[in-house]
Number of protein chains: 2
Amino acid sequence: MVDILGGKGAGLAEMARIRLNVPPGFTVSTEACVEYLKTGKVKETLWAEILDHLSALEKTSGKKFGGTQNPLLVSVRSGAAISMPGMMDTILNVGLNDHTVKALSDLTNNERFAYDSYRRLIQMFGEVVLSISHDEFEEKISEAKKRNGVRGDNELSTTALKDLIKEYLEIYGKFREKFPQDPMMQLRVAVEAVFKSWNSERAKTYRQLNDIPETLGTAVSVVSMVFGNMGDDSATGVAFTRDPNNGEKKIFAEYLTNAQGEDVVAGIRTPREIKDLQKEMPHAYNELIKSADTLEKHYRDMQDIEFTIEKGTFFLLQTRNGKRSAKAAVKVAVDLVNEGFIDNKEAILRITPQVLDTLLHPQVKYNGSERVLGKGLAASPGAASGTIVFSSERAVELAKEKKKLVLVRPETTADDVRGMSVSQGFLTQKGGMTSHAAVVARAMGKPAVVGVESMTVNLREQTLRIGDEVYREGDTITVDGTNGQFLLGETSLETASITPEAQVLLKWCDSYRKLGVRANANTPLEARIARENGAEGIGLARTERMFLGNERIQIMRAMIMSTTLADRLKYLDQLLPMQVADFTEFLRTMDGYPVIIRLLDPPLHEFLPNKEEILSEIFDLKLKLGNTKESKELDDIIGKLSDLRTLLQTVKNLEEFNPMLGFRGCRLGLSYPEIYEMQVKAIITAAIKVKEQGHTILPEIMIPLVGHMNELKRLRERLEEVARKAAGDKDIDYKFGTMIEIPRACITADKIAEFADFFSFGTNDLTQMTFGYSRDDAEGKFLANYVEEGILPTDPFATVDEEGVGELMKMAVERGRKTNRNLEVGICGEQGGDPSTIHFCNRIGLDYVSASPYRIPIARLSAARAFLEDGKR
Amino acid sequence: MVDILGGKGAGLAEMARIRLNVPPGFTVSTEACVEYLKTGKVKETLWAEILDHLSALEKTSGKKFGGTQNPLLVSVRSGAAISMPGMMDTILNVGLNDHTVKALSDLTNNERFAYDSYRRLIQMFGEVVLSISHDEFEEKISEAKKRNGVRGDNELSTTALKDLIKEYLEIYGKFREKFPQDPMMQLRVAVEAVFKSWNSERAKTYRQLNDIPETLGTAVSVVSMVFGNMGDDSATGVAFTRDPNNGEKKIFAEYLTNAQGEDVVAGIRTPREIKDLQKEMPHAYNELIKSADTLEKHYRDMQDIEFTIEKGTFFLLQTRNGKRSAKAAVKVAVDLVNEGFIDNKEAILRITPQVLDTLLHPQVKYNGSERVLGKGLAASPGAASGTIVFSSERAVELAKEKKKLVLVRPETTADDVRGMSVSQGFLTQKGGMTSHAAVVARAMGKPAVVGVESMTVNLREQTLRIGDEVYREGDTITVDGTNGQFLLGETSLETASITPEAQVLLKWCDSYRKLGVRANANTPLEARIARENGAEGIGLARTERMFLGNERIQIMRAMIMSTTLADRLKYLDQLLPMQVADFTEFLRTMDGYPVIIRLLDPPLHEFLPNKEEILSEIFDLKLKLGNTKESKELDDIIGKLSDLRTLLQTVKNLEEFNPMLGFRGCRLGLSYPEIYEMQVKAIITAAIKVKEQGHTILPEIMIPLVGHMNELKRLRERLEEVARKAAGDKDIDYKFGTMIEIPRACITADKIAEFADFFSFGTNDLTQMTFGYSRDDAEGKFLANYVEEGILPTDPFATVDEEGVGELMKMAVERGRKTNRNLEVGICGEQGGDPSTIHFCNRIGLDYVSASPYRIPIARLSAARAFLEDGKR
């Protein structure tokens, strides 16, 4: 009943049901919250129900809420259906006032405990209900500790606590507020405050970042208090049933003795390790181990537990599926399959592409010359370099300037989430592995180093001090969340290798997915990486990138400057052996897998220097001309000027108003067929060579920018003739197909498919033309705004726009296959590596997706998840 | 049976059927021609059939083919199903040889006639069958005339003719050929030659120009000869049943006494007028008048007749619907309705948009200062200026350089059609109103002046002489085909007014057509012209053109250079009253009709000077700076430089890689809403004003470049608020809609229609994006080639590409109307004035088309024809 009771309430109820030790209580439903947020009022029937349940609780516990003999105290805790850790509010010790605090003191014979609990209530109530700043209270605690010469809040004496309470009440006065002495009033406004915290800024931000619907609301659990702050036989703690950092199967917990509630999570004192608990409170420790085991079996997943030990008795306060690092997520999922808890389909569905992506995050490539500035806890793996920034506001500003950032804080709170989401990594002075910074970093898949006690962060001065050295905003550091170090300056990073568990998972993926996964690779090196990452072929090899080498570009330019066919052929003959060498390497690397080679696509002017460069060179030479007297030198300059003029004229002739829509792709191929002819000859020659070396070759020749079937028809006729000649008596099989990247090609796909063995969606250009966006112009000018303001739901260059571009793709698939049943259809646009796009491609029945070599694992996982979730093909 | 017998054969058969006097004969079918062209052989069964019919002809006439007593002579004439005047070959006098010529001489007692006929056969046979050049024979005639001191070929004596025949046979010898003496052989190769002439270069060109299918083939009529060259009681002539130049209902004929065949059409002698025939051969004249009347009634159209008078007996050799000038075509069609021959639907269907277009051709605007170079026959109306050119080859070359040309020839033949098609007008020294030049000019709708006897065209020297003056290629002249003059240099031209008959016809069109016709008008002046031409509203008023005036562009620039909203608003406030004035004028002119005003569309940099200009100005100022000593002047230059630098920076910021797909249209409107707000305020303010003056106003506000419904939704919400405020308590009705010019808008039309009262297809941009063509780049670089080589069937910027762009339009109409049943849908791209596009728009159910003001009559006619041919709406 998570939807109605929230994660916390449902967890408590479920734990009670399976007879784990939880304190008694009841939960107000999320529906009540939604109702409250709509009307702004607690319905009288709801209040009556709460009172009924409170009575029942009094009866069960034998205590009385507000009673001066044996007072019942409760916690009022938030809990949404989808976990939003730390985002909403909780108030403990509700029911304490000037009278009941005395009763509690008498009853427990522990005055210090009673007043510690009371000051906590006053503080939490002030913060949560009255929005008084946390710092106001913390300042007073700090003063009290200084005054009393103690380091921890647990060392403050009863008298000191009573003074602190007075000071707290003065803070209330400063804000013209009063702490309500009526326990019923406390309860009522505490419930309302928790309801309202659903709509706090930080909660909204979190929901936005995590795609959680705004309409859910939070439940409110009202639970009898148990106390971890009753002395040194009491404690409060959190535990993960497995290591959330690496997934190892051993309990991972932290606790604080004589502490309450969020003290551990908030990183106020540095917590103690679980092995100490085993020594100090062996009974409670055994209870924890037993409960963890029971819960993992029950929920079939790693659990994140909150517990309290009250005078040696172990209580569970909460359980939920534990957040974990990407590495841990994969290991846990695979281990759970091996342990027989879940099947491998479920393991695949549990690992989101984002998780796997994190696993593929870069790592510092140490070379020994790094300057290590400090070491803390390796809270979230990966590494990132960036400029130091000290606040969320500033981080957001700098992020707009495309700065890479490392957010540096004493500790982080929910208010920092906005800044964290725009930073590349985090560094905190305080906090442990379960601190806010650590949890959020893992969830975001960003590196974090926390609890670096050797450094001091001064927010007022905006400095980070380490010994005598001071660092400020603008200085660059690198955080290594994998080993807990942080370094001065930027370092070189290394792509993470896939863990053995991830390899296992990806193999399972391959056994389910119906979509093929190929790579976009422009060099033989990229092709090799693609194979290592599991690509089953090349979906796009862009041949133009092969002409950019220093020697080649000169030949290419000479070819472009030629005015006769004979000259062009001469230079193309020089390029031929180079192309043959490229293709040979590709085909050999992809032994047994298809390789789609796209013939020359970009406009010719891309191979020439730009006009401004030439003009400025001409200008310089002219200046020189004026200062030159010597005849030989003069001749030399004049000769150069004449060459530059010819070059300038060529550049001007090739100049275009809208090059994206200009003279390129097959339009060039039809005007200068000799270029494509050279390329096809090279492909066939390479294929013969590789085949003779005993490899299996599957070359596919792809024509770019086809918009009318006649373009493909004429080129195919012409180029197949060339291929036939090049093959001679050798038997070379190949496919002949086309990019589908022009809207008209989608609309007339039935006709184009008559001349194509395959289609490959070029969704970059298709998106540009379908939207009428020039990507280079749009991103800087209006597209970011469009996405930010919600005019567009997502960036269509990252995820295929299903409504528009996707509709054209669907049309192309249907019409193309109508004419040519065996048509092979894939995607090679950048969106081909995007999980949501891969789901879409699976749904419309593509044969494969092609992504960058580094995205191949993501694509394999996404394709499997798509099939498991949606079926098809 | 035109398809099988060809126009000529069917005409002869039909005339015989209704008992008009035609010589006996038979026709070989077009099917036989198709068969021959496929196999290259005359089938033996076909030849046997021809011989059978020849025997029958011998029996009817009592003559014998090849007989030395009473020889049968025949003409072998081509005749396609669709008239291709002068394009294919004809041979007369077949059956004459050294023996039969004597028999003919004896029989007719007219030796001169017999040898004249014989030399004609030898000449025609040489030209047609053996492809010996016409000039070879003409040169010999010219020499003979000079030698004998005569001017016309009809003055050559029998002896001279016999000598000429000898010389002709020598020409044969020169080409190692022989004239066949066997009449059967003559007949056989003559039939084959006519078959082959279907595939002559000139015939192919003509078919291409006139969209005649290549597969039809020509029929061959074999007809007993009748002779117009038997003396002064014989003649040959052509007649139109009405004046083909202006359509007046009176017979229009030319003839030559003692002449044969094509002498009149070829313009060899200047022919005589019909009133002379009435005097000289009244009987034949009466027969002609009677036949003309019968034929017009029978065919319900103006006829073009060929006749021969043999010794006073009138024979009809051919009848067909007469080619006519545009003016005549309209007058004849309207007159035929009034005379009860046809109904007005048929009149509309007979007038193609091309004909009406010709009527709208420009005329010379005389101001008295023109230098008239000469006068000839006004053979085809309209006027054109251009550079003199003397040959087809040279004309084709110059046309590639976009030169405007006037083709000047002694006379034109079918070989000149290619040159005529790339020239703007024609001028010939010889020939009459039915000469080749005149007929082709009228068909092409181009001006022509023919038969200018005062001038001499020398092809060898490439000169045009008039008295002492010599004109050469490169000199510019103007031909006025309406009054027959030609003038020195270029003159100003005036758009033709629509004739009263055309007005009548267009009214009939308005009563049938279902498509509305609006105009694209950017200025109030254009709006007025549009109204005069019958536009029912404005389909597109581009507001950006209103900012280009000298004063306005300065304000516009200041607005663009502003860095704050306050500054932008200040300048927009200055533009507001100017926009109000523009819109007031528009709305007043279009009283009672809708006016669609499109808000600002182009990218802002279009309003700024271009980068090169600014850079060169900066360069100049820097040079000046070096030479300036005076301090005040220095300050001045430095100030200017600083301003230019700011301007340069703005221009650079606005620079785009692909401006067509860039920051423009509603993308600008969403980023700087204040611009659209000013425009909407101006529209509503103008509307209030014009309404208060008692006019009916129907303003429609149009948003450009919408690709996602959210763009329209947000702008509509925002701008309707502005409109409400601007209207205050006034009741101003308006529509709010969008251009549909982005493929995505078509695909998601159902969603966009939720926020649109109307759609207007911007087919220029829609074509650019659907094809991925940048029009400015494509036309010069590959589009012309694509059309020429048949990769594309037509230029998609002239005629909507139905297969691709049209498919998107259909989708948009269907989806849009599904959401919004009352959606008004039109087209405002340039193709909106193209007849074939208008047919398409009618078919897919648009509400209106919008065309340039001058194209409105064409649109009215095309819309009516579309409805009459296809129905719909």
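Residues numbered from 1 in each chain as written. Chains lettered and ligands numbered in written order. Predicted model: local features only at pLDDT ≥ 70, side-chain atom pairs only at ≥ 80, totals over all residues. Heavy atoms only, no water.

1. Comments concerning the interface of chain B and chain A
- Listed per partner, the contact involves 50 residues of chain B and 50 residues of chain A.
- Residues Arg815 of chain A and Glu807 of chain B are paired through a salt bridge, measuring 3.5 Å at the closest nitrogen-oxygen approach.
- Taken together, the links from chain B to chain A amount to 32 residue pairs in polar contact (both at pLDDT 80 or more).
- Secondary structure elements with two or more residues in the side of chain B that touches chain A: helix H23 (611–627), helix H24 (631–654), helix H25 (666–671), helix H27 (709–727), helix H28 (743–747), helix H30 (763–771), helix H31 (775–788) and helix H32 (802–819) of chain B.
- Considering each element in turn, the side of chain B that touches chain A owes the most residues, six residues, to H32 of chain B.
- Of the residues belonging to the side of chain B that touches chain A, the class tally is 22 nonpolar, 11 polar and 17 charged. (Contact = heavy atoms within 4.5 Å. Salt bridge = Lys/Arg side-chain N within 4 Å of Asp/Glu carboxyl O. Polar contact = N/O pair within 3.5 Å; in protein donor to acceptor, adjacent residues only side chain to side chain. Helix = DSSP H or I, 4+ residues; strand = E, 2+ residues; numbered from the N terminus. Nonpolar A, V, L, I, M, F, W, Y, C, P; charged D, E, K, R; others polar.)

2. What to know about the packing of aromatic side chains
Residues and elements named next belong to chain A.
- By the definition in use, this model includes 29 aromatic pairs over all chains.
- Ring centres 5.9 Å apart and planes at 70 degrees place the aromatic pair Tyr118 and Phe179 in the edge-to-face group. Within this pair, whereas Tyr118 is found in helix H5 (residues 111–130), its partner Phe179 is found in the loop between helix H7 (158–174) and helix H8 (183–197), the two being separated by 61 residues in sequence.
- On the basis of relative accessibility, which here comes to 2%, the residue Tyr118 falls in the buried class.
- Overall, the relative accessible area of 7% leaves Phe179 in the buried class.
- Here the guanidinium or amino end of Arg188 rests over the ring plane of Trp47, the centre of that ring lying 5.0 Å away. (Phe/Tyr/Trp six-rings, centres within 6.5 Å; stacked < 30°, edge-to-face > 60°. Buried < 20%, exposed > 50% of the residue type's maximum accessible area, 1.4 Å probe, protein only. Lys NZ or Arg CZ within 6 Å of the ring centre and 35° of its normal.)

3. A short note on the relation of the copies chain B and chain A
- For these two chains of identical sequence, chain B goes onto chain A by a turn of 179 degrees and a shift of 0.4 Å along the axis, with RMSD 0.4 Å. What the rotation and shift describe, once combined, is the action of a two-fold rotation axis. Measuring from the rotation axis to each C-alpha of chain B, the shortest distance belongs to Asn658 of chain B, at 1.9 Å.
- Of the interface residues in chain B, 100% have counterparts in chain A that sit at the interface too, so the contact is made through matching surfaces. (Least-squares fit on C-alpha atoms with pLDDT ≥ 70 in both.)

4. Regarding the side chain of Thr478 of chain A
Residues and elements named next belong to chain A.
- By the element assignment, Thr478 lies in strand E22 (residues 476–480).
- Classification of Thr478 by relative accessible area gives buried; the value is 0%.
- For Thr478, the side chain forms a polar contact with the side chain of Ser385, separated by 2.6 Å.
- Setting aside anything within four residues of it in sequence, one finds Thr478 in contact with Val364, Ala384, Ser385, Gln485, Phe486, Leu487, Gly489, Glu490 and Thr491.

5. Focus on the environment of Gly67 of chain A
Residues and elements named next belong to chain A.
- Position of Gly67 relative to the elements: it lies in the loop between strand E2 (64–65) and strand E3 (71–72).
- Taking the C-alpha atoms as reference points, Gly67 and Gly95, 28 residues apart in sequence, are found 8.7 Å from one another.
- Those residues in contact with Gly67 that sit more than four places away from it in its chain are Thr100 and Ala103.

6. What about a nonpolar patch on the surface?
- A cluster of nonpolar side chains, Phe619 and Leu623 of chain A together with Phe619 and Leu623 of chain B, forms an exposed patch at the surface whose accessible area comes to about 380 Å².
- Secondary structure elements with two or more residues in the nonpolar patch: helix H22 (611–627) of chain A together with H23 of chain B.
- Locating Leu623 of chain A in the fold gives a position in helix H22. (Patch = residues over 30% accessible without salt bridge, like charges linked within 9 Å, V, L, I, M, F, W, Y side chains within 5 Å. Areas by Shrake-Rupley, 256 points an atom, 1.4 Å probe, with all protein chains shown as cover.)

7. A few points about the sheet that holds strand E11 (residues 313–321) of chain A
Residues and elements named next belong to chain A.
- Here five strands make up an open sheet; going across it, the order is E9-E8-E7-E10-E11 and the pairing antiparallel. Unpaired on one side and paired on the other, strand E9 (272–273) and E11 mark the two borders of the sheet.
- Pairing analysis gives six bridges linking strand E7 (residues 235–240) to strand E10 (residues 303–310), with the strands arranged antiparallel. The partner of Thr236 across the bridge, within E10, is Thr308. (Pairing = 2+ DSSP bridges.)

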